[in-house]
Structures are given as structure tokens and as C-alpha cells.
Amino acid sequence: DSLTFESYPDTQRARQERRIATMSSSSGSSAARESFGSICESASASFAARNSKRKRQMNFDLTSALEVATLTKKDAEKILKGEVEVTLQRKEPLSRLLDPAFQANLINRYPNIGKYLPSSVHTIYANYVEEIDRETLNEIVQLMLREPGLINVAFDGVTVNGKHKTIYCASIGGFTMFFKWTDLKSNDHVSAEEVKSSVEICNQIKALLDNREIASLPVDNASRYVANETAVSLVIAGGYGPIVLRDPAHCVDLPAKDMAGLSFVKEGVDWCSEIYKFLSKHRVGAIKNDMILMDVIGPSEAAKNCSETRMNDLHIVFDSTIAQRECLSVMQNSDTFQEYYRSRPASQKAKLDELFDSCTRIQWAKIEALKKLTAPFADAHMMCSQRDMPISTLLPLTQALYNEVHSQLGAEFDQIFGAGSSKEVRDLLAPRFNFNGEHVPGSRKSPILDPAHLTAFYVDPFNWELRNEIKVMRTVKTVIGETVEKIFGYSAENSYFHRMKAVKEFEELYSHTGGYRDLYDEPLPAAVSEEVLIENTKKLTIKRVREWAEKHDLMAGRFRFFETYARGSFLYQKVIKIFLSIRLAGSMDVERIAKPLKHQILTKERNMLGDQKATVLLRASENLKFLFEAKQALRASIHDSKVAGGVVVVD
């Protein structure tokens with residue numbers, strides 16, 4: 001009898017077979033280019049009876065020999081296309097395919113392929129790269145158009161080799177794509193030319209995505225003027241008025257960056273920097289590695305230095321320094337380090353003595369306290385980086401972040417850093433936490449929340465679960481009234497009738513009456529007193545907010561509710577759909593593109609690469625990567641469903 005996964009769902013063999021089912025490609029091309037249908041077929045086939053290892057090897061050898069003997073031009077192009085895709089995914093230069101060693105290895109595997117090998121980078125680009133770019137872009141577009149939401153267009157500026165470029169990414173739901181970048185050859189980040197270019201690109205994206213409307217333009221603070229002007233231009237052109245929102249991840253990171261200016265935090269960062277410099281020395285690093293190899297100490301992550309442009313910078317620095325505590329404690333007494341110490345001149349010995357003398361219990365307690373203080377920002381940032389997290393989570397997430405940061409402040413914190421330290425942190429962070437969505441009077445700091453974030457929470461069909469756990473500082477009537485007025489004020493349907501129709505339907509949604517009466521399995525929770533609500537608000541945690549979002553399947557679940565029960569709803573089509581389409585990830589996709597653009601595409605070694613070809617290379621690379629991840633996730637879900645005896649349906 002054949003052995004199936006159902007027979008051993010929790011064994012090592014099952015885990016091994018899952019990896020095989022997840023990683024195997026069902027075609028001769030790279031895994032990223034498989035169709036979703038072929039993935040289903042190959043994943044299903046993996047549950048059939050399995051041959052012995054020897055028999056499988058014989059079948060592989062016979063198949064390989066047949067392919068080599070009958071290699072046609074079409075087969076060769078398929079093989080070479082797969083190699084080009086791998087090169088693009090790795091973001092390596094196309095000249096890799098012209099390397100004699102690479103071609104010799106390819107000929108060794110496929111003896112008849114030599115006459116089909118490309119002779120120049122131009123040939124590779126013309127014959128393979130442009131086709132891969134078209135195919136992957138079309139596949140990404142088709143995946144995005146299967147989602148019911150509207151478009152988000154994120155953009156931000158980045159300086160590469162002294163030139164200012166603006167990166168544009170588009171997304172619908174959990175699917176995203178890098179579209180292009182522009183080089184305006186200007187140092188002016190908010191020029192009229194940049195606004196004009198932004199409007200043109202937004203219209204190009206709309207045309208590519210079946211002329212869907214743009215729900216939002218998530219940007220960081222520096223690009224907000226351009227986004228505002230772009231939104232106005234798009235409204236004038238006859239579309240919706242896209243909502244301009246600051247990127248939540250950047251906003252959540254601002255309070256942590258504020259704390260970097262506090263004297264006791266700066267002292268902690270400076271001390272961590274000394275630890276980093278010490279462990280970064282070649283000889284010291286080698287001693288640490290030897291201690292790990294000999295099991296004298298356990299493995300740990302490397303120490304990190306401070307970087308102003310890195311998000312979660314403070315937490316990363318403190319967390320990585322804490323991980324070096326065992327190493328520093330053991331190293332100073334090791335024979336290899338003592339030998340290194342004796343070889344140092346007197347001035348360096350004095351510095352080493354000072355460093356180790358500073359590693360006191362009190363100092364480690366300070367770094368541990370700072371790590372705990374900054375940990376909630378790292379947890380919040382993880383949520384803000386998730387592609388399919390709905391924007392409706394930002395309001396409760398901000399409250400939970402406030403709670404967890406302030407839970408670290410108090411008498412114990414003051415005992416470690418001195419009297420008044422807790423108050424200093426509270427006063428510093430207060431302008432950032434604006435639970436009414438408005439700027440704090442008298443402050444020039446940008447707060448985390450915008451009024452649109454309150455609306456997004458109120459129109460979430462599952463907000464009723466948190467109504468007794470968070471006190472919203474503006475009433476639902478005020479928030480929805482202003483939102484409806486703003487949206488219908490921008491559209492051609494600017495009439496009293498339509499506004500009242502939207503408000504009335506929202507009242508039914510919010511109170512679970514009218515057409516929404518029988519759509520929920522559970523009744524609305526009974527309202528609690530003001531005192532209880534305030535106490536519950538103080539207890540809200542980031543973990544609870546994530547659980548609430550994931551319980552209802554993130555963005556997909558919220559769209560599913562309305563697409564199933566209220567697809568033709570006037571309120572849904574004209575108001576709610578806009579806010580359900582906005583992602584918590586904001587402009588994080590742009591941040592993900594900026595790094596490979598600077599360090600792998602537009603490098604000094606590739607300074608002859610033009611913008612047009614570089615855009616195609618980067619877009620094809622990112623699309624291949626995204627398709628690969630999406631299909632690997634599909635493989636895993638099919639496998640899990642079969643193990644559980646479920647049914648998988650692929651549209």
C-alpha cells in the first residue's frame with residue numbers, strides 16, 4: 001500500500017516531504033514562472049505512491065539522457081531562459097551568462113547547447129529579459145485584478161550615486177509591484193516637474209490596472225507635498241480624490257527616534273557603539289568565532305552599530321548588544337584573548353581595561369531596560385511591514401504601543417536612570433500620540449494618526465469586537481460625517497440625498513440593524529461604563545490587535561464580508577471600499593526597493609546601465625521574487641490542506 005501524508009502527519013518524514021513539495025518546480029523553468037495550475041497538479045502528484053530511491057534515480061538519469069540527446073532550439077531557449085530568470089532574481093549582472101566557466105558548466109550538463117549560447121549582454125536582454133519582464137508584469141497584474149480593492153500608489157525619493165530618483169510602487173490588497181522610477185535631474189524634491197511626473201505615472205498605473213481608481217497615496221513626510229498636489233490633479237482629472245497618508249511604519253518609528261536624543265539613551269547608544277567597535281576587530285571576531293566553534297559560548301547575533309536611516313534602530317542596537325553579554329564575560333578570561341591582550345601596546349590595554357570595567361551589572365541593567373522600552377516599537381513595526389494588514393488596525397495599534405511603552409516607565413525605570421526619567425520620556429512622546437487624529441496644539445511634531453485612520457477603524461466590519469477595549473477620542477458621528485462630506489464633496493454625486501443615504505447605511509452597519517441585522521454570528525457586546533472602558537483601553541496590547549486582525553483574515557476577510565453580503569451597497573462602493581483598500585504597509589514597498597536599487601542595480605560597476613534597462617531589470621527581478629514567494633505559499637497551503645483532509649479551490 002502506498003504511504004500518504006495522512007499516515008504520518010507529524011513525523012520527520014512528513015516535514016521532509018513538505019519541504020520537497022514546497023520547493024520543487026513542476027516545469028523546466030524557474031519556480032517563479034510556474035502557473036498556479038501546474039503548482040496544484042505537482043503538489044497533488046506528490047501524494048501519489050513513491051518509488052524507491054534507486055528507481056527514482058534511474059528514471060532521472062534516463063530522462064536527462066533523453067533530453068540531452070534530443071535537445072532542440074526550443075529546449076535550449078527554455079533552459080537559458082531559466083538561467084536568465086535565476087540571474088535576475090539574484091540581481092546579478094547579465095554578463096554572468098557569458099562567463100566561460102558558467103558556459104562550460106552548462107555545456108557539461110547539456111552537450112548540444114553550445115551553439116545556442118548567447119554571445120553578448122545585448123542579445124540576452126533582447127531575447128530573454130524583455131520577454132520575462134512582460135510575462136511577469138502581466139502575471140502580477142492579473143493577480144492584482146483578482147483582488148476586489150482599489151489601487152495604492154506609494155512613492156518616495158532616494159539618492160543614488162548623487163542623483164535624486166523617485167521610486168513608484170503599486171499595490172492592490174496583498175499584491176504589490178515595483179512599477180518604475182524617475183530621474184528628474186533636479187535636487188528640488190518638491191518641484192512642479194515632480195508633481196507633473198507623479199500624475200503621469202499614476203495615470204499609467206491606472207491604465208495598466210483596468211482603470212481602477214486610486215484609494216491612497218502613502219508617502220513619508222518628505223514627499224507629502226508632492227502627493228497632495230498629485231491628489232488634487234487626479235481629482236481635477238475626474239477621478240476620486242486619493243487619500244494622502246503618511247506611511248505608518250515611518251510614523252511609528254518617529255517616537256523611537258525622538259528618544260535617541262535623551263541623554264541617558266544617548267549614553268547607552270554610545271556604550272553599545274564601543275562594544276560594536278571592539279567585537280568588529282578582526283582578531284577579536286576570530287576569538288569569538290573560535291569560542292562558538294568549541295562550544296565555550298552559544299551562538300549569538302552580531303553586534304549592530306547605530307544607523308540613523310534604519311527603522312527600529314535603537315531596539316536593534318540594544319538587543320544585539322545584550323546578545324554579546326556572555327561573550328564579553330567569558331572572553332576576557334580566555335587564553336586566546338589574554339595572548340591578544342599581552343600583544344597590545346599600553347594605550348590599547350588601558351582602553352580594553354576601561355571597556356571591560358564598564359561591563360557592570362548596573363550597565364547591563366540599563367541596556368536591558370532600554371531594550372524593553374524600545375521593544376514595542378519593533379513589534380508595531382512588524383505589523384506595519386505586513387503587506388496584507390488592514391489600515392483599520394493602526395488606531396488600536398497606536399493605543400497598544402502607547403500602553404506597552406508607558407508600562408516600562410515608573411519607579412523602577414527612575415531608579416535605573418535617575419529621578420524624573422520616566423516623566424522626561426512621557427513628555428517627549430506625548431505629541432506623537434494623538435488619539436483624536438489631530439495635531440497636538442503647540443507642537444511641530446508629526447503625530448502618528450490622521451483623521452482617515454479613525455474612519456478606517458469605524459468602517460471595519462469587525463470593529464465591534466474592540467469597542468469595549470478601546471476608547472476612540474472622536475465620536476463615530478463626527479468622524480463619519482466629516483468623511484462622507486469630504487468624499488462626496490470631491491465627486492460628481494455631491495448631493496444631500498447621497499450623503500444622507502451613506503450616513504443612514506453606516507448607522508445600520510455600526511448598529512447591526514437593517515440589512516446587516518443577520519450577518520453576524522454573535523450579538524453586539526453590551527456597552528460598558530466610561531470608567532471600565534478607560535481601564536480596558538489601558539490594557540490593550542499589540543498581541544491583541546494582531547489577533548483581532550488575523551482572526552478575520554486581514555484585508556481579504558474584510559473585503560470578503562462586503563463582497564459576500566453587501567457587494568451592491570452604496571456605502572461600500574462609494575466609501576468603505578476606499579478605506580478597506582488602504583494597507584498598513586503604506587510605502588514600505590518603496591523602502592524594500594530602494595536598497596537593491598542602490599546596492600545591486602545602479603552600482604558604480606554598472607555605471608553604463610541606462611535608466612530604462614535598469615528599470616526593466618529591477619522590475620523583472622522583483623516580480624519574479626514576488627511570484628516565487630506567492631507560489632511557494634500556495635504550495636504549502638495545498639500541502640497543509642491535503643494533510644488536514646481539506647479541499648483546495650484555486651480560481
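What you are looking at is a predicted structure, and each value in this text was computed from that prediction instead of being measured.

Trainee: Provide a residue-level description of empty space enclosed by the protein, including the pertinent values.
Mentor: In this structure the tally under the stated criterion is five cavities of 30 Å³ or more. Approximately 60 Å³ is the volume attributed to the largest cavity. Lining the largest cavity, in full, are Asn-152, Val-153, Ala-154, Cys-169, Ala-170, Ser-171, Thr-176, Pro-218, Ile-582, Arg-583, Gly-586 and Asp-589. Of all the secondary structure elements, the ones that give two or more residues to the lining of the largest cavity are strand S1 (151-160) and strand S2 (163-172). The calculated volume of the second largest cavity comes to roughly 50 Å³. If you trace the second largest cavity, you find it lined by Leu-88, Lys-91, Glu-92, Leu-94, Ile-601, Arg-606, Leu-617, Leu-618 and Ser-621. Broken down by element, the residue count for the lining of the second largest cavity peaks at three residues, all from helix H28 (residues 611-643). Here the residues of the lining of the second largest cavity sort into five nonpolar, one polar and three charged.

Trainee: I'd like to hear about helix H4 (residues 73-89), residue by residue, with values.
Mentor: For H4, built from 17 residues, the straight-helix expectation of 24 Å at 1.5 Å per residue is met to within 8% by its first-to-last C-alpha distance of 24 Å. Buried residues of H4: Ala-76, Ile-79, Leu-80, Lys-81, Gly-82, Glu-83, Val-84, Glu-85, Thr-87 and Leu-88, and no others. One or two steps after H4, the chain reaches Lys-91, where phi turns positive at roughly 60 degrees.

Trainee: Could you give an account of the sheet that holds S2, naming the residues involved and the relevant values?
Mentor: On the basis of which strands lie adjacent, the open sheet formed by five strands has the order S3-S2-S1-S4-S5 and mixed pairing. Strands with a single pairing partner mark the edges of an open sheet, and in this sheet they are strand S3 (175-183) and strand S5 (243-246). Here the average twist between neighbouring strands, direction ignored, is 25 degrees. As paired strands, S2 and S3 are joined by eight bridges and run antiparallel to one another. Along S3, the bridge assignment pairs Ala-170 with Met-177.

Trainee: Give me the lowdown on a nonpolar patch on the surface, citing residues and values where you can.
Mentor: A surface patch of nonpolar side chains, amounting to about 340 Å² of accessible area, comprises Leu-293, Met-294 and Val-296. Assignment of secondary structure puts Leu-293 in helix H11 (residues 282-293).

Trainee: Describe the packing of aromatic side chains, listing the residues and the values that go with them.
Mentor: For the coordinates displayed, the defined rule picks out 24 aromatic pairs. Where Trp-271 meets Trp-364, the ring centres are 5.1 Å apart and the plane angle is 85 degrees; that geometry is what we call edge-to-face. One end of the pair, Trp-271, is in helix H10 (residues 263-279); the other, Trp-364, is in helix H16 (residues 361-384), and 93 residues separate them in sequence. Taking the relative accessible area as the measure of exposure, Trp-271 reaches 10% and is therefore buried. Ring plane angle 25 degrees and centroid distance 5.6 Å describe the contact between Phe-506 and Tyr-510, whose orientation is recorded as stacked.

Trainee: Give a detailed account of the pattern of salt bridges, specifying residues and quantitative values.
Mentor: Taken as a whole and assessed by the stated rule, the structure comprises 34 salt bridges. Asp-253 serves as the salt-bridge partner of Lys-257, at 3.3 Å between the closest nitrogen and oxygen. Of this pair, Lys-257 and Asp-253 both sit in helix H9 (residues 248-259), four residues apart, which is roughly one turn of the helix. The partner of Arg-499 in a salt bridge is Glu-485, with the nearest N and O atoms 3.3 Å apart. Of this pair, Arg-499 sits in helix H22 (residues 496-511) while Glu-485 sits in helix H21 (residues 476-490); the two residues are 14 residues apart in sequence, bridging distant segments of the chain. Look at Arg-499 and you get buried, because its relative accessible area is 15%. Within this structure, Glu-83, Glu-92, Arg-96 and Arg-109 form a network of salt bridges that share partners.

Reading the values: the criteria
- Residues numbered from 1 in each chain as written.
- Predicted model: local features only at pLDDT ≥ 70, side-chain atom pairs only at ≥ 80, totals over all residues.
- Heavy atoms only, no water.
- 1 Å grid on protein atoms, 1.4 Å probe; cavity = no way out; pocket = protein on both sides within 12 Å on 5 of 7 lines; lining within 4 Å.
- Points joined across faces, edges and corners; volume = space filled by probe spheres on them.
- Helix = DSSP H or I, 4+ residues; strand = E, 2+ residues; numbered from the N terminus.
- Nonpolar A, V, L, I, M, F, W, Y, C, P; charged D, E, K, R; others polar.
- Expected span 1.5 Å × (residues − 1).
- Buried < 20%, exposed > 50% of the residue type's maximum accessible area, 1.4 Å probe, protein only.
- Pairing = 2+ DSSP bridges.
- Axes fitted to C-alpha atoms, helices over the stretch in contact; angles between N-to-C directions.
- Patch = residues over 30% accessible without salt bridge, like charges linked within 9 Å, V, L, I, M, F, W, Y side chains within 5 Å.
- Areas by Shrake-Rupley, 256 points an atom, 1.4 Å probe, with all protein chains shown as cover.
- Salt bridge = Lys/Arg side-chain N within 4 Å of Asp/Glu carboxyl O.
- Phe/Tyr/Trp six-rings, centres within 6.5 Å; stacked < 30°, edge-to-face > 60°.

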